[in-house]
Amino acid sequence: MTEQPTSYKLDDIEVGQKVKFTVTMDESMLDGFAKISGDYNPLHMDQVYAAKTSFGKRVCHGMLLASFFSRLVGMHLPGQNALYFSQTLNFQLPCFMGDIVTIEGQVTDKSVSTKIITIKTSAYNRAWKVSR
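Calculation rules
Residues numbered from 1 in each chain as written. Predicted model: local features only at pLDDT ≥ 70, side-chain atom pairs only at ≥ 80, totals over all residues. Heavy atoms only, no water. Core = buried A, V, L, I, M, F, W, Y, C linked by side-chain atoms within 4.5 Å. Buried < 20%, exposed > 50% of the residue type's maximum accessible area, 1.4 Å probe, protein only. Helix = DSSP H or I, 4+ residues; strand = E, 2+ residues; numbered from the N terminus. Contact = heavy atoms within 4.5 Å. Salt bridge = Lys/Arg side-chain N within 4 Å of Asp/Glu carboxyl O.

What is the right way to look at the nonpolar core in this model?
For soluble globular proteins, nonpolar side chains are generally found buried alongside one another. The biggest cluster of nonpolar side chains holds 22 residues, and the ones touching the most others in it are Met25, Phe68, Leu72, Ile103 and Ile119. Secondary structure elements with two or more residues in this core: β1 (18-24), α1 (27-37), α4 (62-76), β2 (100-111) and β3 (116-124). Per-element tally for this core: the top contributor is α4, with 7 residues. In this structure, Phe68 is in contact with Phe21, Val23, Met25, Met29 and Ile103, ignoring residues within four places of it in sequence.

Sorry, what's going on with the pattern of salt bridges here?
Any two side chains of opposite charge can pair, given that their charged atoms come close. One pass over the full model with this rule turns up 2 salt bridges. Put simply, Arg58 and Glu27 hold a salt bridge, and the shortest N to O gap is 3.0 Å. Here Glu27 lies in helix α1 and Arg58 lies in the loop between α3 (47-51) and α4, a separation of 31 residues in the sequence. Here Glu27 falls in the partly exposed class, since its relative accessible area comes to 44%. The residue Asp31 makes a salt bridge to Arg58 at a minimum N-O spacing of 3.2 Å. Here Asp31 is found in helix α1, whereas its partner Arg58 is found in the loop between α3 and α4, with 27 residues between them in sequence. Judged by relative accessible area, Asp31 falls into the partly exposed class, the value being 33%. Linked through salt bridges whose partners overlap, the residues forming this network are Glu27, Asp31 and Arg58.

Structural data, given as structure tokens:
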């Protein structure tokens, strides 16, 4: 591991605080995620099959995209002091190999008594953000 997690303490975190990073989706990510998850659906894995669908090409696993929220929480905000509690997901548009995806999180609530912060998360590429 070369990247070290941030080490925010609860007192350091403010409502409105934001972090984001980008990820370029590539074939090795889809292949690796399929191996880990066991999801070899041909829509994700077979270019010939996927080309015959309305998508026209392989679609990235939605949960692969969602897994980057774990990096956001565990490495960036709050980082090493984090324990992921829950997540609600809504998948709105497909993602394809070659897409540059921005993963973003913003603190929307902070409870000192429970030591829980709430982070609004999103994953988007330029085309998705423009279309919203």
